[in-house]
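Next come the chains, spelled out residue by residue.
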Amino acid sequence: VFRASGLTTLPSILLIGPSGSGKTSLLTLFERGTSAAQTHTSQAPISAECHLPVGTLASSDKYRSVNDPTNLTHKKFLLIDTPGHGKLRHHALANITNPQNLKGIIFVVDAATLSAGDEGLRHTADYLHDVLLILQKRAESKNKAVKALKEIPILIAANKGDLFTALPASLVKSSLEAEISKVRSSRSKGLLDSGIGMDDEGDRDEWLGEVGSTEFRFKQMEEFDVVVEVSGGNVAGGEGAVVGKWWTWISERL
Ligand code: GTP
Ligand code: MG
């Protein structure tokens, strides 16, 4: 594990999400191949150079012959872990607003804290709403690197699937959509009450997804070239890690 400086040319995948969802555990697993015995809540971002596992082909190598010797050197990428704590999120957001060869974002959620009424659901939806809004607004950004990001793929990794209270990926998706709908309307009400964003332009800027829709759907982000997928797994747990779908998603972005 080391810091990102000097490795900025490698394609990178960013890990973000609320505190305790399993980002550092995932980084350790993908870097070393074994899960961490113990993690501590992160206070600073860390990066690790990772390789696609044997048998996973990067999409940029798709047309190479199976006998091509370059297939033997496994595709490398940089995985960047960020702290989930509310006061430390500027680290994660800085990686989005000032991206270095960013190929995708994995938003890690704890699928066992997303039931209706669980405060984890509101926290998670709040954070995800803000991240999606930054990406939606990137076209107006003054930063060239952000503007240059054409399509942004986001994987919502529904982690901790080993826990019996964990929601399956399909429910993680619909619960987050419903909760983001609430976040979206309470934020716009807040803006109206404060008198900010009264003009149509201002309103549109802060409204996530489709204007006029009552329900938020991840699909609405496609208009802004943000493509969201949700898939489940677990980093830790008694039966061993289940992370195959996440590896496949990464390999398709390299
Ligand atoms: P911050 O650094 O605070 O943002 O949290 P984080 O997202 O890095 O979480 P971390 O990786 O430190 O994991 C938090 C706790 O969840 C640890 O005790 C992990 O062992 C546990 N954990 C992570 N993944 C899983 C999983 O798939 N299943 C179970 N049961 N526990 C997990
Ligand atoms: Mg961490």
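Residues numbered from 1 in each chain as written. Chains lettered and ligands numbered in written order. Predicted model: local features only at pLDDT ≥ 70, side-chain atom pairs only at ≥ 80, totals over all residues. Heavy atoms only, no water.

Comments concerning the pattern of salt bridges
Rules: A carboxyl oxygen of Asp or Glu within 4 Å of a side-chain nitrogen of Lys or Arg is what we treat as a salt bridge. Counting from the N terminus, the helices are the DSSP runs of H or I reaching at least four residues and the strands are the DSSP runs of E reaching at least two. Throughout this description, buried means an accessible area under 20% of the type-specific maximum (1.4 Å probe, protein chains only), exposed means over 50%, and partly exposed covers the range between.
One pass over the structure, following the stated rule, counts 10 salt bridges. Where D130 meets R187, a salt bridge forms, and the shortest distance between an N and an O atom there is 2.7 Å. Of the two residues, D130 sits in helix α3 (residues 119–136) while R187 sits in helix α5 (residues 169–194), which places them 57 residues apart along the sequence. Owing to a relative accessible area of 29%, D130 belongs among the partly exposed residues under this scheme. Under the relative-accessibility criterion, R187 is labelled partly exposed at 32%. Overlapping salt bridges, with partners in common, bring together R122, E179 and K182 in one network.

With respect to the site of ligand 1
Formally: When we say a residue is near a molecule or strand, we mean one of its heavy atoms is within 4 Å of it. Throughout this description, a polar contact denotes any pair of N or O atoms lying within 3.5 Å of each other; where both atoms belong to protein, one of them has to be capable of donating a hydrogen while the other can accept it, and for residues adjacent in sequence the pair is counted only when both atoms sit in side chains. Reported accessibility uses the Shrake-Rupley method at a 1.4 Å probe radius. Residues are deemed covered only where the shown protein chains occlude them. Any residue with an atom within 4 Å of a point lines the site, the site being either a cavity, points on a 1 Å grid over the protein atoms alone where a 1.4 Å probe fits but cannot get out, or a pocket, an open set with protein on both sides within 12 Å along at least 5 of 7 lines. In this scheme, a molecule is assigned to a cavity or pocket if more than half of its atoms are within 2 Å of the grid points.
Taken together, 20 residues sit near ligand 1, with S19, K23, S25, T39 and T41 positioned nearest. Between G20 and ligand 1, the recorded distance is 2.8 Å, taken from a backbone N or O atom to an oxygen atom. Relative to its unbound accessible surface of 660 Å², ligand 1 loses 81% to contact with the protein. Given that more than half its atoms are within 2 Å of the pocket grid, ligand 1 belongs to the largest pocket. Residue contributions to the shell around ligand 1 peak at 3 residues, all from helix α1 (residues 23–32).

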